[in-house]
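Each chain, letter by letter, is given below.
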Amino acid sequence: MTEKKIRVLVAKPGLDGHDRGAKVVARALRDAGMEVIYTGLRQTPEMIAEAALQEDVDVVGLSILSGAHMALAPKVLELLKTNQQEHVRVFIGGIIPDEDIQALKDMGVVGVYGPGTTTEEIIGDIRKAISGRLN
Amino acid sequence: MNLAASILEGNRLAIARLMTQVENDTVEGLAGLEAIFPHTGQAHLIGVTGAPGTGKSSLVNQLARCFRHPPPGKEPCRVGIIAVDPSSPFSGGAILGDRIRMRDLAGDPGVFIRSMATRGSLGGIAKATSGLIQILDAAGYQTIFIETVGAGQAEVDIARLAHTTLVVEAPGLGDDIQAIKAGILEIADILVLNKADRPGVESAETALRSALRLASSNETRSQHPEYIEGNQADDSTVTSNKVWSPPIIRTIAIDGNGIEVLAEKIEEHRCFLKESGEWKKREKLRLQSEVDALLQRTLMQQWRDKMSVMLYEKILSQVTNRKISTTNAVKLLMNGDNIQ
Ligand SMILES: Nc1nc2c(ncn2[C@@H]2O[C@H](COP(=O)(O)OP(=O)(O)OP(=O)(O)O)[C@@H](O)[C@H]2O)c(=O)[nH]1
Ligand SMILES: [Mg+2]
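Residues numbered from 1 in each chain as written. Chains lettered and ligands numbered in written order. Predicted model: local features only at pLDDT ≥ 70, side-chain atom pairs only at ≥ 80, totals over all residues. Heavy atoms only, no water.

With respect to the site of ligand 1
Residues and elements named next belong to chain B. In the region of ligand 1, 18 residues are neighbours, and Lys56, Ser57, Ser58, Asp197 and Ala253 sit closest. A distance of 3.1 Å is found between an oxygen atom of ligand 1 and a backbone nitrogen or oxygen belonging to Gly53. Within the side chain of Glu147, one N or O atom sits 3.1 Å away from an oxygen atom of ligand 1. If you list the elements that add at least two residues to the shell around ligand 1, you get α4 (56-68) and β5 (143-149). For the shell around ligand 1, the element with the highest residue contribution is α4, accounting for three residues. Broken down by class, the residue content of the shell around ligand 1 amounts to five nonpolar, six polar and seven charged. (Near = heavy atom within 4 Å. Polar contact = N/O pair within 3.5 Å; in protein donor to acceptor, adjacent residues only side chain to side chain. Helix = DSSP H or I, 4+ residues; strand = E, 2+ residues; numbered from the N terminus. Nonpolar A, V, L, I, M, F, W, Y, C, P; charged D, E, K, R; others polar.)

In structure tokens:
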């Protein structure tokens, strides 16, 4: 048996412009030995859920700078569930006001990361969140 | 969920899950492949290779759209896509970015896209690539594109795996065209000159053409290196004297220019393979090389399981001390129990 790999979908939903942050995280995850499926800008929740299904990922990382997180995150979670992918762990990076963080976690988002988060922290959290599923 | 049964019904979740099992080389993965194998062999496998950034993913995106929305009177076929990117040799991780160019296909239930990393395989193909192809084939995807970054051995690998191989070139790659043309001529069924909107198309096409001409005057063309041998062995059984000379097709993948012509050529090549008997020959070679690769891995594994690590290290150190030769070392290792 070959070593199992953590597969992560990194997506940028919403209409805001750049994906520098998402790319930095994608590279860090690769350097931590994960397989990162990078889907680029302007992804709809439907596109994200479908890609997560086809790629059979363990983790979906959403980069949201537009402020639309309270609309996008529940939609992605709901679609993952519809697709029988409720085991997929969802993480969000972006500029998220403090009062929304708890609300997102209550919905089922595993981690929320603002500017200044180290990539080590994200990597550690991902490993912890899926450790139960890897063997 | 019985993965194999669900796959034959086209269940996408089952397809994705079995692909993961096959990539991880699990017992469940092997059993699944075993169960679906009788249902494979239907799909047209199209390899797409070429230097990084030549526009392979953009082309696959356009071609898939074209196969999904054919001209009136033709049935659309279901399209599977496997996009292979290299794993980092340092971390074992990978960034798989080909989906970025395939946005147009999102939301179409007749398309299935899977990205995969090479996971330590040399060349451009992962150990599990042929397994993933079989899964899509059994699930009823009639046209399957396999995208790999072309570099040396990788191109030969993809040609062995596919029925039809597209080699993608783009102007402005400088002398690269010169450097890889030998490889191209051996494996390309269709040469795609993409980015035809860019300066330098003319000279790129001239270079490709003269290289092709040179090759066809040197020898009677043979599509794959293996065929040279094969043809000599059973010349009398060659079913037809039809030959295929690889066309050069100009495309602009960002706006779809030339894509219909390319799609027609691909279809033409499929018909050529079927009518000339070449399809059967390629199928045989394809499966043979799969069996051989598997046999090689299995033998190696069996041998490793029996071999004592200490003995292996001991013999290795005798080699490094120049006490025994590498050839002798292998002899000793092959009958490990006879030595002390
Ligand atoms: N001008 C022009 N640009 C193109 C054309 N086709 C693709 N591109 C651009 O070329 C870049 C690379 O395209 P991809 O489709 O990702 O190329 P690729 O060969 O799949 O790249 P890798 O998978 O990284 O090897 C992108 O920015 C495309 O938009 C074309 O016909 N003309
Ligand atoms: Mg690509």
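From this point, the discussion proceeds with the structure in view.
A look at the pairing of strand β1 (residues 44-50) of chain B
Residue and element names in this part refer to chain B. Burial of β1 is extensive: seven of the seven residues sit out of reach of the surface. Here β1 shows two buried faces, one formed by His44, Ile46, Val48 and Gly50 and the other by Leu45, Gly47 and Thr49. The pairing of β1 with β5 spans seven bridges and is classified as parallel. Among the inter-strand pairings, Val48 is bridged to a residue of β5, identified as Glu147. With five bridges joining them, β1 and strand β6 (residues 164-169) adopt parallel strand pairing. Counterpart to Val48 in the pairing with β6 is Leu166. (Buried < 20%, exposed > 50% of the residue type's maximum accessible area, 1.4 Å probe, protein only. Pairing = 2+ DSSP bridges.)

Remarks on the coordination of the magnesium ion (ligand 2)
Residue and element names in this part refer to chain B. In this structure, Ser57 (OG), Asp98 (OD) and Glu147 (OE) serve as the protein donors to the magnesium ion (ligand 2), at separations of 2.1 to 2.2 Å. All donors of the magnesium ion (ligand 2) come from a single chain, and their spacing in sequence reads S-x40-D-x48-E. Linking Ser57 in helix α4 with Asp98 in the loop between β3 (94-96) and β4 (111-117), this pair joins segments that are 41 residues apart in sequence. Using a relative accessible area of 7% as the deciding quantity, one classes Ser57 as buried. For Asp98, a relative accessible area of 9% gives the class buried. (Donors = N, O, S within 2.8 Å, 3.2 Å for Na, K, Ca; no water.)

Observations regarding the sheet that holds β3 of chain B
With respect to topology, six strands assemble into an open sheet ordered β5(A)-β4(A)-β3(A)-β1(A)-β2(A)-β3(B), the strand pairing being parallel. The open sheet terminates on both sides in strands that have one partner only, identified here as β5 (111-113) of chain A together with β3 of chain B. Each neighbouring strand pair of the sheet contributes to a mean axis angle of 20°, computed without reference to strand direction. Note: strand β2 (residues 35-38) of chain A against β3 of chain B, three bridges, orientation parallel. Its bridge partner being in β3 of chain B, Val36 of chain A is matched across the sheet by Ile95 of chain B. Helix α1 (residues 20-31) of chain A contacts β1 (7-11), β2 and β3 (59-64) of chain A together with β3 of chain B of the sheet and is inclined by roughly 155° relative to β2 of chain A. (Axes fitted to C-alpha atoms, helices over the stretch in contact; angles between N-to-C directions. Contact = heavy atoms within 4.5 Å.)

So, the interface of chain A and chain B
Between chain A and chain B, the contact holds 32 residues from the first and 29 residues from the second. For the pair chain A and chain B, the summed buried surface comes to about 2500 Å²; carbon and sulfur atoms form 50% of the total. Inspection of the region where chain A meets chain B yields four salt bridges. Close ionic contact of Arg12 of chain B with Glu50 of chain A constitutes a salt bridge, the shortest N to O distance being 2.6 Å. Taken together, the links from chain A to chain B amount to 18 residue pairs in polar contact (both at pLDDT 80 or more). For the side of chain A that touches chain B, the elements supplying multiple residues, two or more each, are α1, β2 and α2 (45-54) of chain A. (Buried area = accessible area lost by both parts, 1.4 Å probe. Salt bridge = Lys/Arg side-chain N within 4 Å of Asp/Glu carboxyl O.)

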